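# Report on the structure
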Amino acid sequence: MRTIIQGLVGGVIAFIIGAALLGIVRLAFGLSFWGGEASLVAGWLAFVIGWLLGVGVWEYWVREWFNLPVKKFEATGTSRYFTFCTDHKVVGIQYLVTFLGLFLLAGLLAMVMRAELMAPGRNYMSGATYNNVMSLHGTIMVFVGVAATVGAFGNYILPIMIGAEDMAFPRLNALSFWFVPPVAILLLASVFSNGYDTGWTGYATLASSTREGVIFYNLAFFTVGFSSILGAVNILTTVIALRAKGMYWGRLPIFVWASLGTAILSLIFTQFIALAMIMSLLDRVAGFSFFDAFAGGDPLLYQNVFWFYSHPAVYVMILPGLGIALEIISVFSRKPLFAYKWAVFGMMGVVVLSALVWAHHMFTSGMDSPLRIPFMITTELISVPTGLVFLTALGTMWGGKLILKTPMLFALAVIFNFLIGGITGIFLSDVPVDIQLQDTFFVVAHFHYTIVGGGIFALFAGIYYWYPKMTGRMYNERQGKIQFWWMFIGFNLTFIPMFWAGLNGMNRRIADYVPDLGNINFFTSMSAFFLGIGFLLFVYNMAVSLKKGEVAADNPWGGYTLEWQTSSPPPLENFDTPPEVVGDPYGYGEPDAKHVIFPAPAATD
Amino acid sequence: MKKDLIIAVILWFVFTAVGEYWAFNANMFPIAAAEEAVFLDDAFRLLIILAMPVFTLVLTFLFFSILRYRSKGDPDSDGPPMRTNTPLAAGWLAITTGLAIFVVINPGLKGMAELSANPNADLVIQVTGEQWHWDVSYPQYDLTYQRATQIALPADARVKFELTSTDVIHSLWIPAFRLKMDAVPGRDTSFYVTPTEIVDTEMDSNVRVQCAELCGTGHARMQMAVRIMEPDEFEAWVAEAKAMTMSGDMEGMDMGSSSDSMDGMDNMDSESDNMDGMDSGDGDMDMDTDSGMDMDSGDSDMDMDSGSDDMNMNSDSDG
Amino acid sequence: MSTTTVHHHHQSEGNYSKLTTDRVGLWLFLLSESMLFLGLLSARFYLAGTFRPPELNQALGVGITSILLVSSLTMFRSEVAIRHGDQSSFLRHLLITIVLSILFLGGVAYEWSQAFTHFSPNTVFGTIFFSMTGMHALHVLSGIFLMLLIYRNGRSGKYSEHNHWSVEATAKYWHMVDVVWVFFYAALYLV
């Protein structure tokens, strides 16, 4: 708690300094001291710095730049989770819990949207309110998608999987996380400024003419970008430099490869979302004209910059999930991961191709028509490396001994849902077909199938899979299975009808629709409420098992990867003796297979 | 496992056959009111036909494995250590690549070529989006409607829509045509369509203009009715509309819709007065004053500007 | 591969030393940063093609570019000096670098005051000019902050022949800022 109070105090002081500095400059130019949105922006940027210094960057880090003694980190027990803790396992849990909270919150907003869409006409809210709810739902969910899985398991599990003691830059890791709380607060605070109605995409020029709440969105996206980039630097460096002895590239667990691909994408592309947000803010607050067509700018520039990040971001959301699903499918089929190299090749292929597909979001934007052709080609082709993941999943299961426990059920659902998401993606990347489907509920269904059906189902798979490792307790298997079936059925009943609705004249982001679409929307809303209720079961299972769950063994699933070769939960430095990797992690069914040995610490001294 | 493989492949064939039967015969589309709609539906159907074997392949093997290989309780030994199968993986890669390239060509490139095959328009319609209504003009006939509620189109004529916007990005979508194009400030965009069916919004709500790009508070209801007429009926409508423009007679302007013609949309505008309850800052955009969304009062909303500047819009038309 | 130093945050059993790890991280960060500038550079050509207003002060452009290039050289000299343990040369060259970079910022500020009258930010070239030079100037500013920091610490003898990672990192960052400017200068003044 002290951490958060320090952060807030630091943030508020910095906000005042930032806004005042701008005020002084404004006075010098003959303007009023308080510049409205401009002052808010300056204040916010200062707030973030003040907040970070307050939560611990000053005490544990920056002091040493000034040759001052830094504080030693001491907290233990539950209170660690509320501090600037550099243990990657604590940071992983911080990410997981924070983003699960945000996920539930944004899910609640989805319920509000479905309530409004339950029947045509205006039911509970104005068009403006609906747009605010929809925008907030989208933005928060995108943040969850980008950061939850890789933030939680990329931090908690990945270093253990490669036999490291911690991330390469532990303090940077803590810093990455502590960017998140102010961003969440900022987004939620937008409602006090009448919200924003631009959707999570914040397209120009709507963003420059709409309510001032949109700057909260711009600043939040801009700020969360720092978190992504620093996190990516950390994961990449960790994998490059901190692998245990013998952990050659060809022996990396597939989840590590997936996280590596994710980190590359975040590292390269996140700068573009920062740039899109900076440009938007400059246009709106400082009178620049990047996107103002009537002053020589071009609104399509925004879409180009935005999607140059935001399409790769889709793979940021899904790649770690696919990695988790494959990891689980191998363990719970008791078979080696099939065609491992092909799966790695597929994931890296997605990473490379994802840089070349962004304009498929702009097929009806009025972009140069022939230019759409190369983007159609690249987008259709990106389904090829993605398809290798399916080959690996099916090949791994074939002839195996499938243990259908909750993590496996979720992992299999990832394959099922992502198949539907992937195949409908083929439709959307085909220019002629996309002309009809663009901006309809077909798109909404498609990306929920990939990001929720793939990414979020994988997040749940990962939570159940690693729950014993992270908490030292088993979750309740029966409740877990019930929650799986509840979520799986609810999800499909909610989103399958949306394909039909989109094909039949329902476009996205509308508070109201033609009465002909009333029945399908009523059905969708009911399914969505059903789906929503299912998450309460999950929260209950997790919360109760934390205290009352059976004590977990070190390796309850019989997995070969390194995180199962240490205690549950692992000690501070992950392993009592440094592991030495002697084989690949998927030798199920092979008589002499060995992934790791722990040489006796005889070499010491 | 060889036997398993044979069973699974047979199942795959069966499911594919069932799936393809559905794909070829299912009536999954709303009304198709233009030539383009028919071949875009065919394109969509072709994609389903092509995707079906892939879809059933994955599902068959997924569910077959789940049912066939599930173990009751914890198994006492591991599965067979199959590592990889290079011919299989290479074949998978080759086939999926081939499919991807195929769909790029057909329906992708083929469809794009077909959409832009004929650049000679019989009729040009200029539409300008503005929060939250459309301005429509027929430059060939010197007809301009601000805050239009309806678009009249002749059947069997090649119509070119020329779009732009004065404020934010909008998108003109007519679901029954399967076509949409963004209206972008500072940019001229266009698409061609050849309406075929004699239908209007009253008969089917998919025969409507719908804004498809989020444009703010009134986005959902930024719509226009669409009415497709026989060519001679359209001529008559033009003549009548022009006569009214000349005489400056605002009354009796009728684009063919009676006041109750837009039944399908009644529900939408009955609520429009509260649309921007939150948006008090934009008083001039207030929905209940501009009636841009009032689709069922088409006979009184057709503002026209006789001899006004708006007429100059047609100077750059190619009609 | 000794395990004697196994304590938290010290990865002795890893394949790489702490210094190498730091270097990898820094290079990745610089790669990421350069994407931001690449985006701005693309926006310049996307919005305005190769348009360049005649009012640009070419002499000033050449001047500040030369100053920045020389500052990169002096920063290099400074880093080489500390690598050889030459404290006084290290501090001297660092100080020169700081002075040069402040001169550069002064030049940009002067250019801005002129630019406002010819192409304000609400014209398309102004938008490009102010955003590119502004974003770069922010990085120069942070570079100056870092250099002042290591100058202060250097004076108290914190760095040595074997322990000067902060100096190395600052120098690399500074070189990136310079390289970026070379591209920006060409894109704004020369095309």
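Residues numbered from 1 in each chain as written. Chains lettered and ligands numbered in written order. Predicted model: local features only at pLDDT ≥ 70, side-chain atom pairs only at ≥ 80, totals over all residues.

## Focus on the overall build of chain A
Helix and strand counts for chain A come out as 19 helices and two strands. Computed over the C-alpha atoms, the radius of gyration of chain A is 24 Å, within 12% of the 25 Å expected from 2.2 N^0.38 for a compact globule of 605 residues. With respect to the three principal axes, the spread of C-alpha positions in chain A is 75 × 65 × 45 Å. By the burial criterion, 67% of the 605 residues in chain A qualify as buried. Put simply, 80% of the contacts in chain A that link residues at least 6 apart link residues at least 24 apart. (Helix = DSSP H or I, 4+ residues; strand = E, 2+ residues; numbered from the N terminus. Rg over C-alpha atoms; globule rule 2.2 N^0.38 Å. Buried ≥ 20, exposed ≤ 12 C-beta atoms within 10 Å, placed from the backbone. Contact = placed C-beta atoms within 7 Å.)

## Regarding the overall build of chain B
What chain B contains, in helices and strands, is seven helices and eleven strands. Out of the 319 residues in chain B, the part that is buried amounts to 45%. Intrachain contacts of chain B at a sequence separation of at least 6 include 76% that bridge at least 24 residues.

## So, unusual backbone geometry
A negative phi angle is the norm for most residues apart from glycine, just as the trans form is the norm for most peptide bonds. Across the junction of serine 568 of chain A and proline 569 of chain A, the peptide omega takes the value -10 degrees, indicating a cis bond. Locating proline 569 of chain A in the fold gives a position in the loop between helix H19 (518-548) and strand S1 (580-581). That bond from asparagine 106 of chain B to proline 107 of chain B is cis: its omega, 15 degrees, falls within 30 degrees of zero. As for its position among the elements, proline 107 of chain B is in helix H3 (residues 86-115). In the Ramachandran plot, asparagine 194 of chain A falls in the positive-phi region, its phi being about 70 degrees despite a non-glycine side chain. Positive phi outside glycine occurs at aspartate 156 of chain B, with the angle close to 60 degrees.

## Thoughts on the sheet that holds strand S4 (residues 150-154) of chain B
Residues and elements named next belong to chain B. As summarised here, the arrangement of the five strands in space is S4-S10-S9-S6-S7, forming an open sheet in which the pairing is mixed. The strands lining the two open edges of the sheet, one partner per strand, are S4 and strand S7 (179-183). Averaged over neighbouring strand pairs, the angle between their axes works out to 25 degrees when direction is ignored. Inspection of the sheet shows strand S9 (residues 208-211) paired to strand S10 (residues 223-229) by three bridges, in the antiparallel sense. The residue bridging valine 209 from the neighbouring strand is methionine 224, located in S10. Along the sheet, helix H4 (residues 231-247) contacts S4 and S10; its crossing angle with S4, the most-contacted strand, is approximately 130 degrees. (Pairing = 2+ DSSP bridges. Axes fitted to C-alpha atoms, helices over the stretch in contact; angles between N-to-C directions.)

## Remarks on the domain arrangement of chain B
Residue and element names in this part refer to chain B. With domains assigned, chain B is organised as domain 1 (2-67 + 88-115) and domain 2 (123-266 + 289-316). In this assembly, ten residues from domain 1 lie in contact with 15 residues from domain 2. Partitioned by chemical class, the residues of the side of domain 1 that touches domain 2 number seven nonpolar, no polar and three charged. (Domains from an automatic or database assignment. Nonpolar A, V, L, I, M, F, W, Y, C, P; charged D, E, K, R; others polar.)

## Focus on the environment of aspartate 4 of chain B
All names here are of chain B. Positionally, aspartate 4 belongs in helix H1 (residues 2-25). Of the residues examined, aspartate 4 has 14 C-beta atoms within 10 Å and is grouped as partly exposed. Put simply, aspartate 4 and valine 168 are 164 residues apart on the chain and 59 Å apart in space, counted from C-alpha to C-alpha.

## Focus on the interface of chain A and chain C
Opposite the 43 residues of chain A that make contact, chain C presents 37 residues. Contributions of two or more residues to the side of chain A that touches chain C are made by helix H9 (214-241), helix H10 (254-285) and helix H11 (299-333) of chain A. Here the side of chain A that touches chain C takes seven residues from H10 of chain A, the largest share from any one element. Residues of the side of chain A that touches chain C, tallied by class, amount to 28 nonpolar, eight polar and seven charged.

## Structural notes on the arrangement of the chains
The assembly contains two pairs of chains in contact; the pair sharing the most contacts is chains A and B. The two partners chain B and chain C share no contact, and the minimum distance between any of their C-alpha atoms is 13 Å.

## Some points on the interface of chain A and chain B
Accessible area lost when the parts come together is the quantity often used to give the size of an interface. On the side of chain B, 84 residues touch chain A, which itself brings 83 residues to the contact. Counting residues per element, the ones that place at least two in the side of chain A that touches chain B are helix H4 (127-156), helix H8 (206-209), H11, helix H12 (340-353), helix H13 (372-381), helix H14 (383-397), helix H15 (406-429) and helix H16 (431-437) of chain A. Of the residues forming the side of chain A that touches chain B, the biggest block, eight residues, is contributed by H14 of chain A. When its residues are assigned to classes, the side of chain A that touches chain B shows 45 nonpolar, 26 polar and twelve charged.

## Some points on the packing of helix H1 (residues 2-28) of chain A against helix H2 (residues 37-65) of chain A
Residue and element names in this part refer to chain A. Close contact between H1 and H2 brings their axes to 6 Å; oriented N to C, the two are set at 145 degrees. Both H1 and H2 take part in a crossing whose hand is right-handed. Residue composition of the contact of H1 with H2, grouped by class: 17 nonpolar, twelve polar and no charged. (Left-handed = near helix turned anticlockwise from the far one by under 90°.)

## Examining the environment of threonine 123 of chain C
Structurally, the position occupied by threonine 123 of chain C is in the loop between helix H3 (87-118) and helix H4 (124-155). Judged by the 18 C-beta atoms lying within 10 Å of it, threonine 123 of chain C falls in the partly exposed class.

## Re the pairing of S10 of chain B
All names here are of chain B. Within S10, seven of the seven residues are buried, which leaves the element mostly enclosed by the surrounding structure. A two-sided burial pattern is seen for S10, the buried positions comprising Gln223, Ala225, Arg227 and Met229 on one face and Met224, Val226 and Ile228 on the other. Note: S4 against S10, five bridges, orientation parallel. Considered in S10, the bridge of glutamine 150 is made with alanine 225.

## Here's the deal with the domain arrangement of chain A
All names here are of chain A. For chain A, the domain assignment lists domain 1 (1-72) and domain 2 (73-599). Spacing between the C-alpha centres of domain 1 and domain 2 amounts to 31 Å. Across the contact, 19 residues belong to domain 1 and 18 residues belong to domain 2. Put simply, the parts of the chain that give the side of domain 1 that touches domain 2 at least two residues each are H1 and H2. Considering only residue class, the side of domain 1 that touches domain 2 consists of 14 nonpolar, three polar and two charged.

## Description of the pairing of S4 of chain B
Counting buried positions over the five residues of S4 of chain B gives five, a clear majority of the element. The two faces of S4 of chain B match: Gln150, Ala152 and Pro154 of chain B on one face and Ile151 and Leu153 of chain B on the other face are all buried.

## Thoughts on the packing of H9 of chain A against helix H1 (residues 18-48) of chain C
When two helices pack together, their arrangement is given by the angle between their axes and by how far apart the axes lie. Following both chains from N to C, one finds H9 of chain A and H1 of chain C inclined at 140 degrees, their axes separated by 9 Å at the closest point. When the axis of H9 of chain A is compared with that of H1 of chain C, the two are oblique. As for the relative orientation of H9 of chain A and H1 of chain C, their crossing is right-handed in sense. In this structure, H9 of chain A contributes Ile229, Val233, Leu236, Thr237, Ile240 and Ala241 of chain A to the contact, and H1 of chain C contributes Thr20, Thr21, Val24, Gly25, Leu28, Phe29 and Ser32 of chain C. In terms of residue class, the contact of H9 of chain A with H1 of chain C is made up of eight nonpolar, five polar and no charged. (Parallel < 35°, antiparallel > 145°, perpendicular 65-115°, else oblique.)

## Looking at the confidence of the model for chain B
When pLDDT is averaged along chain B, the result is 82; 77% of the residues meet or exceed 70. Two numbers describe this predicted complex: its pTM, 0.92, and its ipTM, 0.94. (pLDDT = per-residue confidence, 0-100.)

## Points about the nonpolar core
All names here are of chain A. Counting 337 residues, the largest nonpolar core has Ala325, Ala343 and Ala461 as the members making the most contacts within it. Per-element tally for this core: the top contributor is H10, with 23 residues. Filtering out sequence-adjacent residues up to four positions away, alanine 461 remains in contact with Ile324, Ala325, Ile328, Pro407, Phe410, Ala411 and Val414. (Core = buried A, V, L, I, M, F, W, Y, C linked by C-beta atoms within 7 Å.)

## Focus: the environment of alanine 119 of chain A
Residue and element names in this part refer to chain A. Mapped onto the elements, alanine 119 comes out in the loop between helix H3 (88-117) and H4. On the basis of neighbour counts, which here come to 17 C-beta atoms within 10 Å, the residue alanine 119 falls in the partly exposed class. In this structure, alanine 119 is in contact with Gly518 and Phe522, ignoring residues within four places of it in sequence.

## Description of helix H2 (residues 58-83) of chain C
Residue and element names in this part refer to chain C. Helix length check: H2 (26 residues) gives 38 Å between terminal C-alpha atoms against 38 Å at 1.5 Å per residue, within 8%. Buried within H2 we find Ile64, Leu68, Ser71, Ser72, Thr74, Met75, Ser78, Glu79, Ala81 and Ile82. Buried residues in H2 make contact with H3 and helix H5 (165-190). (Expected span 1.5 Å × (residues − 1).)

## Side note on helix H17 (residues 441-471) of chain A
Residue and element names in this part refer to chain A. Its maximal kink placed at tyrosine 465, H17 deviates by approximately 45 degrees, while the proline proline 468 follows within four residues. Judged by how many residues are buried, H17 sits mostly within the fold: 28 of 31 residues are covered. In the segment just after H17, glycine 472 is the residue with positive phi, at about 80 degrees. (Bend = angle between axes of the 7 residues up to and from the residue.)

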